[in-house]
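Now for the letters of each chain:
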Amino acid sequence: RLAIQQKINDAQKAYYDNQNSKMKDAESAAEALIDTKIKSLQKQEESLTNRYQPQIDAYQAQIDALQKVNDEHAKELALEKAQAAWESAQNQKSISIYRAGKGFVYEADQSAITSAGENLANAKLDKQIDDLTQKKNALEKTLDDQKKSLEDSIKDWEDYKEQWSDVLSDYQLQQQSLLLSETLG
């Protein structure tokens, strides 16, 4: 009688272990299907970004170009104004000074000339700094573009590698889907 009960218990345990194993396999299959769906949605999101980002970048590039032209124009205008103010200060005879043998004569205001000269020197220095900054920015852009090209190439190779990995994963997913449909009916 005990041996029969032991056999029944063993049979029930084997049945429950088998059912438990099938449920674990079904759980794995469901998780794999969900992961596949999530990956698909992430690829859709990336596709949207890839579709719209170039247009956004193009608009931003136009905005940046217009702002750059405006900034350059403002600096050129400031330089021209500083040059004109310096020349005007040199030519303007606005201070009356007494000179022996000549009496009162009008002369240029040396402090105005000095101030205008300093403003002109600063405007020229700003222009040189701006020119050097533009050259530096151009080199940095070239560097960034070349780095991005290499990063894109690396990403392409990684995607290619992942596609090979996906072949096996897809096969396993199909097998698990069949098992899930067999288990759950």
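Each value, and the rule that gives it
- Residues numbered from 1 in each chain as written.
- Predicted model: local features only at pLDDT ≥ 70, side-chain atom pairs only at ≥ 80, totals over all residues.
- Heavy atoms only, no water.
- Helix = DSSP H or I, 4+ residues; strand = E, 2+ residues; numbered from the N terminus.
- Rg over C-alpha atoms; globule rule 2.2 N^0.38 Å.
- Buried < 20%, exposed > 50% of the residue type's maximum accessible area, 1.4 Å probe, protein only.
- Contact = heavy atoms within 4.5 Å.
- Salt bridge = Lys/Arg side-chain N within 4 Å of Asp/Glu carboxyl O.
- Pairing = 2+ DSSP bridges.
- Phe/Tyr/Trp six-rings, centres within 6.5 Å; stacked < 30°, edge-to-face > 60°.
- Expected span 1.5 Å × (residues − 1).
- Bend = angle between axes of the 7 residues up to and from the residue.
- Patch = residues over 30% accessible without salt bridge, like charges linked within 9 Å, V, L, I, M, F, W, Y side chains within 5 Å.
- Areas by Shrake-Rupley, 256 points an atom, 1.4 Å probe, with all protein chains shown as cover.

(A) Geometry of the overall build of the protein. Summing up its helical and strand segments, the protein has two helices and two strands in all. Seen in sequence order, the protein has helices and strands lined up from the N terminus as α-β-β-α. In summary, the protein has a C-alpha radius of gyration of 40 Å against a globular reference of 16 Å for 185 residues, an excess of more than 25%. The dimensions of the protein, computed from C-alpha atoms along their principal axes, are 145 × 35 × 25 Å. When burial is assessed residue by residue, the protein has 8% of its 185 residues classed as buried. Taking the contacts inside the protein whose residues are at least 6 apart along the sequence as the reference set, 60% of them involve residues at least 24 apart.

(B) Molecular detail of the pattern of salt bridges. Under the counting rule described, the total for this entry stands at eight salt bridges. Notably, a salt bridge pairs Lys13 with Asp17, separated by 3.0 Å at the nearest N-O pair. Of this pair, Lys13 and Asp17 both sit in helix α1 (residues 2-91), four residues apart, which is roughly one turn of that helix. The exposed category is assigned to Lys13, whose relative accessible area is 51%. Residue Asp17 is classed as partly exposed on the basis of its relative accessible area of 40%. Here Asp131 ties to Lys127 by a salt bridge, and the two come within 3.1 Å at their closest N and O atoms. Of this pair, Asp131 and Lys127 both sit in helix α2 (residues 110-184), four residues apart, which is roughly one turn of that helix. Judged by its relative accessible area of 31%, Asp131 falls in the partly exposed class.

(C) Spatial organisation of the pairing of strand β2 (residues 103-107). Pairing of strand β1 (residues 95-99) with β2, which is carried by five bridges, proceeds in the antiparallel orientation. Within β2, the residue paired with Ile97 across the bridge is Val105. The hairpin turn running from β1 into β2, its antiparallel successor, is three residues long, and Gly101 in that turn takes a positive phi close to 85 degrees.

(D) Focus on the side chain of Asp130. Tracing the chain through its elements places Asp130 in helix α2. Under the relative-accessibility criterion, Asp130 is labelled buried at 16%. Excluding residues within four positions of it along the chain, Asp130 makes contact with Glu72 and Lys75.

(E) Examining the packing of aromatic side chains more closely. Applying the stated criterion across every chain yields a total of one aromatic pair. Geometrically, the ring pair formed by Tyr15 and Tyr16 is edge-to-face, given 5.6 Å between the ring centres and 65 degrees between the ring planes.

(F) Molecular detail of α1. Taking 1.5 Å as the rise per residue, α1 with 90 residues should run 134 Å; its terminal C-alpha atoms sit 126 Å apart, in good agreement. Along α1, the largest kink reaches about 30 degrees and is centred on Tyr52; proline Pro54 follows within four residues of it.

(G) Focus on a nonpolar patch on the surface. Where nonpolar side chains cluster on the molecular surface, the patch consists of Leu48, Tyr52 and Ile56 and spans about 300 Å² of accessible area. Tracing the backbone through its elements, the reader meets Ile56 in helix α1. You can call Ile56 partly exposed: its relative accessible area is 48%.

(H) Inspection of the environment of Pro54 at higher detail. Within the element layout of this structure, Pro54 appears in helix α1. Accessibility expressed as a relative area gives 47% for Pro54, which makes it partly exposed. Along the primary structure Pro54 and Ser169 are separated by 115 residues, whereas in three dimensions their C-alpha atoms are 33 Å apart.

(I) Seen up close, the environment of Arg99. With respect to the helices, strands and loops of the structure, Arg99 is situated in strand β1. Residue Arg99 is classed as partly exposed on the basis of its relative accessible area of 36%. Setting aside anything within four residues of it in sequence, one finds Arg99 in contact with Val105 and Glu107.

Purely geometric numbers; function is a separate question.
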